[in-house]
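The chain contents come next:
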Amino acid sequence: AGEGSGPVPGDGAGPPAPERVLFPPTFSVSEIKNKQRRHFMFVRWKQQQRKEKLALKKKRRKEREALGDKAPPKAVPKTIENQRVYDETTVDPNDEEVAFDEATDEFAPYFNRQTVPKILITTSDRPRGRTVRFCEQLATVIPNSHVYYRRGLALKRIIPQCIARDFTDLIVINEDRKIPNGLVLSHLPDGPTAHFRMSSVRLRKEIKRKGKEPTEHVPEVILNNFTTRLGHSIGRMFAALFPHDPQFVGRQVATFHNQRDYIFFRFHRYIFKSEKKVGIQELGPRFTLKLRSLQKGTFDSKFGEYEWIHKRREMDTSRRKFHL
């Protein structure tokens, strides 16, 4: 045999060489150097995972059908929402203190139908086309709202003029790089004032399968998951923008849905297809808000007294801690 040749199996020179393992148990797809081959193997692995998950789901369903009424209750999946850290300011609907605060706060005249909302919508200086169109579409959602442009006028000068003209709320849409990125909502004449970060703005023409233009009917308002005292105040601020006599014949509904302290706004039209089925069409616009601060009184960035300010480094220590 030449130099470097090993023993030949069966010649008595030594035990036979073990077969080479191509894919050891610790093998990972990321170890494949070829990009196309790595992607192909990853896709096959994901398909296999889905098949196994679907097979397990079918097996459990058959077991539940076989057991009938004796089947154990379905397990509730763990989510960030149902594992939320308890907040001591969570509102109890039957709390007498909360009921007294609602009867005496700044929004009580609107819920008692003593005052009709009148809204002024304005922008930052020299707004661009996208912000202008967003304000015009927002004015079709909120009844009795009027759009005016700043033209360099300071907010501290706008607020007294709004009060003199019987406006009940002031909405300011701010923009950055031609994109709406902020919303200031000030309740007149005595506040409070909330400052939101705005994102994910979609105008009507950017929404797929949208319905026809909204009508002038007063919409219904839905407020979801505003559970704490702070969230309760924010929800009442939004509710005070709309008259409290919705016209159900219009079948239009404005929704403020709070999830993980992000407030998602949607505007829909609905129709009852049967006793169990409802069809909806989104009318737009849509946007997402994140509360940055709540200030007592009207807008005053220098001497204002703040009820709540979002301090990211101190407050965002846990993903399961929410404030609204």
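Residues numbered from 1 in each chain as written. Predicted model: local features only at pLDDT ≥ 70, side-chain atom pairs only at ≥ 80, totals over all residues. Heavy atoms only, no water.

We count it as follows: UniProt positions are given in the numbering used here, feature names are shortened, and annotations may be inferred rather than shown by experiment.
As annotated in an unreviewed UniProt entry, the protein is Ribosome production factor 1 from Aegithalos caudatus. Recorded in UniProt for the protein, the comment headed Subcellular location (unreviewed entry) runs: "Nucleus, Nucleolus". The heading Function (unreviewed entry) in the UniProt record of the protein holds the text "May be required for ribosome biogenesis."

### Re the overall build of the protein
As a reminder, the rule being used: The secondary structure listing takes helices from DSSP runs of H or I that are at least 4 residues long and strands from runs of E that are at least 2 residues long, numbered from the N terminus. For the radius of gyration, the atoms used are the C-alpha atoms, and the globule rule reads 2.2 Å times the number of residues raised to 0.38. Burial classification: accessible surface area is computed with a 1.4 Å probe over protein chains only, and a residue below 20% of its type maximum counts as buried, one above 50% as exposed, and the rest as partly exposed. We call two residues in contact when some of their heavy atoms are within 4.5 Å. Surface accessibility follows the Shrake-Rupley procedure with a 1.4 Å probe radius. Residue values consider only the protein chains on display as shielding. For this count, His and the chain ends are skipped, Lys and Arg are scored as positive, and Asp and Glu as negative. In this description, the location of a charge corresponds to atom NZ of lysine, CZ of arginine, CG of aspartate or CD of glutamate.
Scanning the protein for helices and strands turns up 7 helices and 11 strands. Taken over the C-alpha trace, the protein has a radius of gyration of 30 Å; the compact-globule value for 324 residues is 20 Å, which it surpasses by more than 25%. With 324 residues in all, the protein has 35% of them scored as buried. Here the contacts in the protein between residues at least 6 apart in sequence split such that 65% fall between residues at least 24 apart. Of the roughly 22100 Å² of accessible surface on the protein, 51% is carried by carbon and sulfur atoms. Both charge centroids of the protein, one from 62 positive and one from 39 negative side chains, sit 10 Å from each other.

### Comments concerning the confidence of the model for the protein
Applicable threshold: For every residue, the pLDDT score states the predictor's confidence, bounded by 0 at the bottom and 100 at the top.
The predicted model of the protein has a mean per-residue pLDDT of 85, with 91% of residues at 70 or higher. A low-confidence stretch, residues 1-10 stays under pLDDT 50, and its non-local contacts, those more than four residues away or across chains, total 2 contacts.

### Considering the UniProt feature "domain: Brix" (unreviewed entry) in the protein
UniProt tags residues 117-300 as "domain: Brix" (unreviewed entry). Here residues 117-300 is 18% helix and 40% strand, with 22 Å between the C-alpha atoms at its ends.

### A closer look at the pairing of strand E10 (residues 286-295)
What counts is decided by this rule: Should DSSP find at least two bridges between two strands, the strands are taken to pair.
Within E10, 8 of the 10 residues are buried, which leaves it mostly tucked inside the rest of the structure. Summarising the sheet, strand E5 (residues 193-202) and E10 pair through 8 bridges and their orientation is antiparallel. Among the inter-strand pairings, His195 is bridged to a residue of E10, identified as Ser293. Note: E10 against strand E11 (residues 306-309), 3 bridges, orientation antiparallel. Its bridge partner lying in E11, Ser293 is registered against Ile309.

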